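Structural description and commentary
As a plain string of letters, each chain reads:
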Amino acid sequence: MRKILVAAMALGFTLTIAVPVAGARTCGLTEMGQWSEWGVPGQEQTIEGAIDVGIDNRGDVFVSDERNGMIHVFTTAGDYRRSFPAASPHGLTVDNRKVYNASWGESKVQVFDKAGNLLVEWSEWDEDGTLMRFELPLFIDVDAGGFIYVTDLGLDQVRKFSPDGEWVTTFGEGATAVSVHGARAYVTNPAGKIDLFTLDGDYL
């Protein structure tokens, strides 16, 4: 699995550092192996609103920081690599080439390359002749073919899009989060259930 949901922001916590920052590009680690701060002493940068995490094929860790409006990139050891701006970053996932952001604060989806350059962005689409817009896109995942799956708290369903942002299909009810693995999509809902679908949206 590439995705790990970080609950700190949802519970109202701010990640804090437990030991002094060691160096300019080293992230300070707590005794539990957590990190939240990096940079030279006196000029530290921090993670203030961690929401979601994605890990790419080389092991780099991408963190959506909603409060700072940034996506931060670290090694698995916690060494800081880089940051880039994103629109109200919330749900996040990565594949071998791209970074995907579900922006619930600005009601859109963004796709970046690994360096943080914006490739595709959309907030509305044609769904069977009806103009649709995101309301509160929460979480996002991508399959091996580059098709994008987005849950929207306002629309209560999963929207599947092509890699270019063209609508493909809609499925699920009350969807809050989605994770794609192989030929299956796993969808959570507020009723405390996990629903299983094919990638075409057929209920299993």
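Anything mentioned here points back to the structure above.
Counting restarts for each chain: residues are numbered from 1 in the order of the written sequence. Two thresholds apply to this predicted model, a pLDDT of at least 70 for residue-level local features and 80 or more for giving and counting side-chain atom pairs, whereas whole-chain, interface and lining totals are computed over all residues. Values shown for side chains rest on all heavy atoms present in the structure; no hydrogens or waters enter the calculation.

**Some points on the packing of aromatic side chains**
Which entries qualify depends on this criterion: Paired rings are identified among Phe, Tyr and Trp, the last through its six-membered ring, by centres lying within 6.5 Å, and are further divided according to the angle between planes into stacked (under 30 degrees), edge-to-face (over 60) and tilted (the rest). Helical segments are the DSSP runs of H or I of at least four residues, strand segments are the runs of E of at least two, and each set is numbered from the N terminus. For every residue, the accessible area obtained with a 1.4 Å probe (protein chains only) is divided by the maximum for its type, and the residue is called buried under 20%, exposed over 50%, and partly exposed between those limits. Counted as over-ring charges are cases with an Arg CZ or a Lys NZ within 6 Å of the ring centre that also lie within 35 degrees of the ring normal.
Within this structure, the stated rule accounts for eight aromatic pairs. With a centroid separation of 5.1 Å and an interplanar angle of 85°, the aromatic rings of Trp125 and Phe161 are classed as edge-to-face. Residue Trp125 is found in strand S13 (residues 124–127), and its partner Phe161 is found in strand S17 (residues 157–161); the two are separated by 36 residues along the sequence. Each of the two residues, Trp125 as well as Phe161, counts as buried. Seen in terms of ring centroids, Phe197 and Tyr203 are 5.5 Å apart; in terms of plane orientation they differ by 65°. Their pairing is edge-to-face. Judged by relative accessible area, Tyr203 falls into the exposed class, the value being 61%. Linked through ring pairs, Trp122, Trp125, Phe134 and Phe161 together constitute an aromatic cluster. A cation over an aromatic ring shows up here: Lys160 above the ring of Phe147, its NZ or CZ 5.0 Å from the ring centre.

**Some remarks on the sheet that holds strand S21 (residues 193–198)**
Strand pairing within a sheet occurs via backbone hydrogen bonds; the two strands may be parallel or antiparallel. For clarity, the cut-off: Paired strands are those between which DSSP finds at least two bridges. Angles shown run from 0 to 180 degrees and are taken between the N-to-C directions of axes, each axis being a line fitted to C-alpha atoms and, for helices, limited to the stretch in contact.
Taken together, three strands build an open sheet; the order of strands is S19-S20-S21 and the sheet is antiparallel. The open sheet has two edge strands, strand S19 (177–181) and S21, and neither has a second partner. For this sheet, the mean angle separating the axes of adjacent strands, direction not counted, is 25°. Pairing between strand S20 (residues 184–189) and S21: six bridges, direction antiparallel. Residue pairing across strands places Val187 opposite Asp195, the latter belonging to S21.

**Considering the side chain of Ser103**
Counted only if it meets this: Pairs of N or O atoms are called polar contacts if they sit within 3.5 Å, as long as, within protein, a hydrogen donor faces a hydrogen acceptor (for residues adjacent in sequence, only side-chain-to-side-chain pairs). Only heavy atoms enter the contact rule, under which two residues are in contact if any of them lie within 4.5 Å.
Here Ser103 lies in strand S10 (residues 98–103). Separated by 3.3 Å, the side chain of Ser103 and the backbone nitrogen of Glu106 make a polar contact. For Ser103, the residues in contact, after removing those within four places along its chain, are Ala87, Ser88, Lys108 and Pro137.

These figures come from the coordinates and say nothing about function on their own.
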